[in-house]
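Descriptive structure summary
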Amino acid sequence: MSTAHRFRLHSWGARFGLAVACLWVFTALFAPWLSPHSPDAIDLTRELSRPSPGHLLGTGENGIDVLTHVLYGARVSLEVSFFAVVLSAAVGITLGGIAGYAGGLVDEALMRLVDVLLAFPGILLALFITAVLGPSLANVVFALSFTGWTGYARLTRGQVLTLRERDYVQAARALGSGPGRILVRHLLPNAAGPLLVQATFALPGAIVAEASLSFLGLGVPPGTPSWGALVDQGTQYLLVAPHVAVFPGIALALTVLGFNLLGDALRDAMDPRHEGR
């Protein structure tokens, strides 16, 4: 039974995760058309009102529509997580591939740099960077990528160390292929599976990190729709208007759960030990 067949038919987690991922991307891309109100619209006469036909998820401070901010919050989380994962993967795969293939002092120096960065909790470094640079989407992406590349670097290095002595690599060397060509044409494509799984798990991590920074006021600029900022706003009114924090919290939890289940299913599908299960 093929990997794709097992992944498609025998994992409810894969189906649920894929559905959540598609819904999340669809919501982020089409938020302006799906939202019943403008994210800048306020209605002081309906501040902190409960869910109603005019405001399906209720309103928050200054009468902002919670549903609108939840939908636009998906767009913010998509932008931050996508660019953070792409930047982290690009840097980590490049440096990890160089370290694994070159070996020696190059490998030692790069891996010691990775160890130093891993010695610090990533969220604390992100807090420090955003506190210094100020809240903005670009600064959040940079802060999350500052240490996010280390996981890709270690994984890529391990894969390259395993693959670089294979027969097809030796044949490529004998035919005169240079290190760069061997890495790009032979080694990295064969390491793509584990790296794809790593990226799938990194997406929910980036979503949670962005929400955490926004919750603390160090993420997106004030006034920008964000799940973390909306939860922060709602914590002040949990007894009188719990919907302000509950609905963005549910959106965040479901998205993270869906991507984690999708990552689990993808990892299992690429594991040969699961063949025939």
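Thresholds applied
Residues numbered from 1 in each chain as written. Predicted model: local features only at pLDDT ≥ 70, side-chain atom pairs only at ≥ 80, totals over all residues. Heavy atoms only, no water. UniProt positions renumbered as here; feature names shortened; annotations may be inferred. Helix = DSSP H or I, 4+ residues; strand = E, 2+ residues; numbered from the N terminus. Core = buried A, V, L, I, M, F, W, Y, C linked by side-chain atoms within 4.5 Å. Buried < 20%, exposed > 50% of the residue type's maximum accessible area, 1.4 Å probe, protein only. Contact = heavy atoms within 4.5 Å. Phe/Tyr/Trp six-rings, centres within 6.5 Å; stacked < 30°, edge-to-face > 60°. pLDDT = per-residue confidence, 0-100. Expected span 1.5 Å × (residues − 1). Arc of directions from axis to C-beta.

1. A closer look at the UniProt feature "transmembrane region" (unreviewed entry) in the protein chain
UniProt marks residues 12-34, 80-101, 113-131 and 240-263 with the feature "transmembrane region" (unreviewed entry), using the numbering shown here. The distance separating the terminal C-alpha atoms of residues 80-101 is 31 Å; by composition the span is 100% helix and 0% strand. Along residues 113-131, the helical share is 84% and the strand share 0%, with 23 Å between the first and last C-alpha atoms.

2. Things to note about the nonpolar core
By size, the foremost hydrophobic cluster in this structure holds 40 residues, and its most contacted members are W24, L187 and W227. No other element matches helix α4 (residues 66-102), which puts ten residues into this core. Ignoring any residue separated from it by four or fewer positions in sequence, one finds W24 in contact with A74, S77, L78, S81, I207, W227, T255 and F259.

3. Details of the packing of aromatic side chains
The relation between two aromatic rings is expressed through the spacing of the ring centres and the mutual angle of the planes. The tally for this structure, following the rule as stated, stands at five aromatic pairs. Centre to centre, the rings of F82 and F83 are 5.3 Å apart; their planes meet at 80°, and the pair counts as edge-to-face. By relative accessible area, F83 is classed as partly exposed at 49%. Each residue in the set F26, F30 and W33 is aromatic and connected to the rest through ring pairs, giving one cluster.

4. A few points about the confidence of the model for the protein chain
Do not read the predicted coordinates in detail wherever pLDDT is low. Here the protein chain averages 86 in pLDDT, while 94% of its residues score no lower than 70. Across residues 1-7 the pLDDT falls below 50, and counting only partners more than four positions away or on other chains, this stretch makes 19 contacts in the model.

5. Description of helix α9 (residues 179-190)
The terminal C-alpha atoms of α9 lie 15 Å apart, and with twelve residues this matches the ideal 16 Å at 1.5 Å per residue to within 8%. Taken together, the buried positions of α9 are I182, L183 and L187. Burial along α9 is one-sided: seen end-on, the buried residues are contained in an arc of 95°. Of the surrounding secondary structure, the elements contacted by the buried residues of α9 are α4, α7 (137-163) and α8 (167-174).

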